[in-house]
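What follows is each chain in one-letter form.
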Amino acid sequence: QVQLVESGGGLVQAGGSLSLSCRASGRTFSTYGMAWFRQAPGKDREFVATINWNGEHTDYGEAVQGRFTISRDNARNTVYLQMNSLGPEDTAVYYCASNRAGYRSSLISAYDYWGRGTQVTVSS
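Now for a description of the structure that goes with this document.

### Concerning the side chain of arginine 72
Tracing the backbone through its elements, the reader meets arginine 72 in strand E7 (residues 68-73). Put simply, arginine 72 is tucked away with no salt bridge, and the nearest opposite charge, on aspartate 73, sits 8.2 Å away. A polar contact is formed between the side chain of arginine 72 and the backbone oxygen of asparagine 52, at a distance of 2.8 Å. Engagement of the side chain of arginine 72 in a polar contact is seen with the backbone oxygen of tryptophan 53, the distance being 3.4 Å.

### Section: the sheet that holds E7
Taken in spatial order, the 4 strands line up as E1-E3-E8-E7 in an open sheet, and their pairing is antiparallel. Because the sheet does not close on itself, it has two edges, and the strands there are strand E1 (4-7) and E7. Neighbour-to-neighbour, the strand axes of this sheet turn through a mean angle of 15°, independent of strand direction.

### Remarks on the environment of glutamate 46
Mapped onto the elements, glutamate 46 comes out in strand E5 (residues 46-51). C-alpha separation for the pair glutamate 46 and glycine 87, spaced 41 residues apart in sequence, amounts to 16 Å. Residues within four places of glutamate 46 in sequence aside, it is in contact with Phe37, Arg38 and Ala63.

### Observations concerning the pattern of salt bridges
Throughout the structure, instances matching the rule amount to 6 salt bridges. A salt bridge links arginine 38 to glutamate 46; its shortest N-O distance comes to 2.8 Å. A relative accessible area of 32% places glutamate 46 in the partly exposed class. Of the charged contacts, one joins arginine 100 and aspartate 112 as a salt bridge, the two residues approaching to 3.3 Å between their closest N and O atoms. With a gap of 12 residues between them, arginine 100 in the loop between strand E9 (92-99) and strand E10 (113-114) and aspartate 112 in the loop between E9 and E10 connect regions that are remote in the sequence. Judged by relative accessible area, arginine 100 falls into the exposed class, the value being 54%. Where salt bridges share partners, they join Arg38, Glu46, Arg67 and Asp90 into one cluster.

Parameters at a glance
- Residues numbered from 1 in each chain as written.
- Predicted model: local features only at pLDDT ≥ 70, side-chain atom pairs only at ≥ 80, totals over all residues.
- Heavy atoms only, no water.
- Helix = DSSP H or I, 4+ residues; strand = E, 2+ residues; numbered from the N terminus.
- Buried < 20%, exposed > 50% of the residue type's maximum accessible area, 1.4 Å probe, protein only.
- Lys, Arg positive; Asp, Glu negative; His and termini not counted.
- Salt bridge = Lys/Arg side-chain N within 4 Å of Asp/Glu carboxyl O.
- Polar contact = N/O pair within 3.5 Å; in protein donor to acceptor, adjacent residues only side chain to side chain.
- Pairing = 2+ DSSP bridges.
- Axes fitted to C-alpha atoms, helices over the stretch in contact; angles between N-to-C directions.
- Contact = heavy atoms within 4.5 Å.

Right, dumping it as structure tokens:
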């Protein structure tokens, strides 16, 4: 069982930046594919960003392309999401997810484990 714990959420003004972290338990983090998703009230869960096991390949959702950056530190069992130029439309609960296969994917069904989420609120 892998436990994922997100942190770094909060309230920020439009145009600002925020950095999220997701720390994973276990010894095999370096083999996992990782991703961030988000869910706003009344909306479906949305793909944000994904990174493969060694960090060499990333993909982004269209809504965040060019503003958000996903990265990972396998020595620290942690994946990050740097969010810049935030707008009210980015307000959501942000979830970290992992898959044991190690690949990157934008599909919710590709992920085996999920964190509980961290709230990001962007004021206008």
